Amino acid sequence: MKKNGHRLFPQDLHIHTTYSTGDSSVTPQQTIEFIAQVGHARIIGISDHLEYLDDPIFSRYAERIRAQGLRLSAEVNGAPWVDRARELGLEYYIYQCFDRDADYKGAELLLQTGNPVIIAHPLLLDTNLDKVPPECYIEVNNRYVWRFDWRLRLQPYVKRFSFVIGSDAHTPNWLAQHVARYVAEELGINESVLF
Ligand SMILES: [Zn+2]
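Just so we're clear, the structure is a prediction, and the values are computed from it rather than from any experiment. (Residues numbered from 1 in each chain as written. Predicted model: local features only at pLDDT ≥ 70, side-chain atom pairs only at ≥ 80, totals over all residues.)

A.B. asks: How should the overall build of the protein be read in this particular structure?
C.D. replies: The secondary structure content of the protein amounts to 7 helices and 9 strands. Taken over C-alpha atoms, the radius of gyration comes to 16 Å for the protein, in line with the 16 Å a tight globule of 195 residues would show. Considered along the principal axes of its C-alpha atoms, the protein spans approximately 40 × 40 × 30 Å. For the protein, buried positions account for 42% of its 195 residues. Restricting to contacts in the protein with at least 6 residues of sequence separation, those with at least 24 account for 67%. (Helix = DSSP H or I, 4+ residues; strand = E, 2+ residues; numbered from the N terminus. Rg over C-alpha atoms; globule rule 2.2 N^0.38 Å. Buried ≥ 20, exposed ≤ 12 C-beta atoms within 10 Å, placed from the backbone. Contact = placed C-beta atoms within 7 Å.)

A.B. asks: Explanation requested: the environment of Arg71 in the structure shown.
C.D. replies: You can see Arg71 is positioned in strand β5 (residues 71-76). By the C-beta count within 10 Å, which is 20 here, Arg71 ends up buried. Excluding residues within four positions of it along the chain, Arg71 makes contact with Leu13, Ile43, Ile44, Gly45, Glu91, Tyr92 and Phe195.

A.B. asks: For this particular structure, what's the right way to read the sheet that holds strand β7 (residues 117-119)?
C.D. replies: Hydrogen bonds along the backbone pair up the strands of a sheet, which may run parallel or antiparallel. Pairing is parallel in the open sheet, where 7 strands are placed in the order β3-β4-β5-β6-β7-β8-β9. Edge positions in the open sheet fall to β3 (9-12) and β9 (162-166), since each of these has one partner strand only. With strand direction ignored, the average angle separating the axes of adjacent strands in the sheet is 30°. Bridging between β3 and strand β4 (residues 41-49) involves 3 bridges; their strand directions are parallel. If you follow Gln11 over to β4, its bridge partner there is Ile43. (Pairing = 2+ DSSP bridges. Axes fitted to C-alpha atoms, helices over the stretch in contact; angles between N-to-C directions.)

A.B. asks: Explain the environment of Asn141 here, please?
C.D. replies: Mapped onto the elements, Asn141 comes out in strand β8 (residues 137-141). Measuring from C-alpha to C-alpha, the distance between Asn141 and Leu111 comes to 21 Å, with 30 residues separating the pair along the chain. Excluding its chain neighbours within four sequence positions, the residues that come into contact with Asn141 are His14, Ala120, His121, Gly166, Asp168 and Ala180.

A.B. asks: So what exactly am I meant to see when it comes to helix α7 (residues 178-187) here?
C.D. replies: One turn of an α-helix holds 3.6 residues; hence residues three or four places apart share an orientation. Regarding α7, the residues found buried are Ala180, Val183 and Ala184. The arc that holds the buried residues of α7, viewed along the axis, is 100°, so those residues lie on one side. The outward face of α7, more than 90 degrees from its buried face, is lined by the exposed residues His178, Glu185 and Glu186. Summarising the contacts, the buried residues of α7 are in contact with β8, α6 (150-154) and β9. Remark: Gly188 follows α7 within two positions and exhibits a positive phi of approximately 75°. (Arc of directions from axis to C-beta.)

A.B. asks: When you look at the pairing of β4 in this model, what are you seeing that I'm missing?
C.D. replies: Each regular strand displays side chains that alternate between the two surfaces of the sheet. Within β4, 7 of the 9 residues are buried, leaving the element largely enclosed by the surrounding structure. In this structure, β4 lies alongside β5, joined through 5 bridges in parallel fashion. Across the sheet, His49 pairs through a bridge with Glu75, a residue of β5.

A.B. asks: So what exactly am I meant to see when it comes to helix α4 (residues 101-111) here?
C.D. replies: Of the residues making up α4, those classed as buried are Asp103, Gly106, Ala107 and Leu110. Buried residues in α4, looked at end-on, bunch into an arc of 105°, giving them a common side. Facing away from the buried surface of α4 by more than 90 degrees, the exposed residues are Asp101 and Ala102.

A.B. asks: Help me out: how do you make sense of unusual backbone geometry in this one?
C.D. replies: The linkage connecting Asp55 with the following residue, Pro56, adopts the cis geometry, with an omega of -5°. Phi at His121 takes a positive value of approximately 25°, unusual for a residue other than glycine. In this structure, His121 sits in the loop between β7 and α5 (122-125). For His121, a count of 23 C-beta atoms within 10 Å corresponds to the buried category. At Asp126, a position not held by glycine, the phi torsion is positive, near 60°. Locating Asp126 in the fold gives a position in the loop between α5 and β8. The class of Asp126 is exposed, set by 11 C-beta atoms lying within 10 Å.

The analysis is restricted to geometry; functional conclusions fall outside its scope.
Below, the structure written as structure tokens:
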């Protein structure tokens, strides 16, 4: 499917907007409405950092995302934020799973909601994938994957997990997945489309 003559990615579920107010990489042009207008993927989900989505900000955030027909999520910063994440009715979770027992447990708690749990950029956070429940999706992240020895670190898990590809976009020109797609193809990963 194409929009404005360019080919669309199947999905992009890891995207930040101006709601990630404390994240200095986000630019003021990166609004929910702008991302919807660019329409770089068939399925688009917004996942701002949960730390910046206190009430009543969250309600407005959710309303604006739904008004654009996008999927509602947030990026959950390890175990301390799991309870809050479970309260909010998010459609899926972008989960930062650090190499801590509590964080692996947190992944299980998020899975209990029945909604998809995506392990965000595991190479960046040194997530031990042996300890991650196999029902979680592993993200191949366009922003970070090239900085690591992805062949060595991801190849052993290609059969154990399902994978999604995400841009982790913070600015309009990061709404892209080219490096992540190259990595996935090299590893023989079949991308899972969640919605
Ligand atoms: Zn992110």
